[in-house]
Amino acid sequence: RRVLGARLWGGVLRATFYGQFVGGETPREVAAAAGRLRAVGLRPMLAVPTEEDVGQEKDGYVGQSGGCGG
């Protein structure tokens, strides 16, 4: 990234690894990619990642939860 710069690095990733595994950045792009897969007889699988800060629960409390031994 330091050598290519952020913009060119992003383009390279989209054209290679990212483009291979990510169906799109918007719902419209994902729907179009799923349509192309269906057109060639493949059934797309959508896995939506979720992220949150480690140690922070959704209600804003930071610390260990009361579940599973905590």
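What counts, and where the lines are drawn
- Residues numbered from 1 in each chain as written.
- Predicted model: local features only at pLDDT ≥ 70, side-chain atom pairs only at ≥ 80, totals over all residues.
- Heavy atoms only, no water.
- Helix = DSSP H or I, 4+ residues; strand = E, 2+ residues; numbered from the N terminus.
- Buried < 20%, exposed > 50% of the residue type's maximum accessible area, 1.4 Å probe, protein only.
- Areas by Shrake-Rupley, 256 points an atom, 1.4 Å probe, with all protein chains shown as cover.
- Expected span 1.5 Å × (residues − 1).
- Patch = residues over 30% accessible without salt bridge, like charges linked within 9 Å, V, L, I, M, F, W, Y side chains within 5 Å.
- Salt bridge = Lys/Arg side-chain N within 4 Å of Asp/Glu carboxyl O.
- pLDDT = per-residue confidence, 0-100.

## Focus on the overall build of the chain
Within the chain, the secondary structure is distributed over three helices and zero strands. Per-residue burial over the chain gives 4% buried out of 70 residues. For the chain, the accessible area works out to roughly 6700 Å², and carbon and sulfur atoms hold 58% of it.

## A few points about helix H3 (residues 27-39)
With 13 residues, H3 ought to run about 18 Å at 1.5 Å a step, and its terminal C-alpha atoms sit 18 Å apart, in line with that. Taken from the residues just after H3, Gly 41 is the one with a positive phi, measuring 90°.

## Remarks on a nonpolar patch on the surface
The grouping of Val 3, Leu 4, Leu 8, Trp 9, Val 12, Leu 13, Phe 17, Phe 21 and Val 22 at the surface amounts to a nonpolar patch, some 860 Å² of accessible area in total. With four residues, the top contributor of residues to the nonpolar patch is helix H1 (residues 6-15). Position of Trp 9 among the secondary structure elements: in helix H1.

## Let's talk about the confidence of the model for the chain
Scored by pLDDT, the chain comes out at a mean of 76, with 74% of its residues at no less than 70. Within the chain, no element has a lower average pLDDT than helix H2 (residues 17-21), which sits at 73, and none a higher one than H3, at 92.

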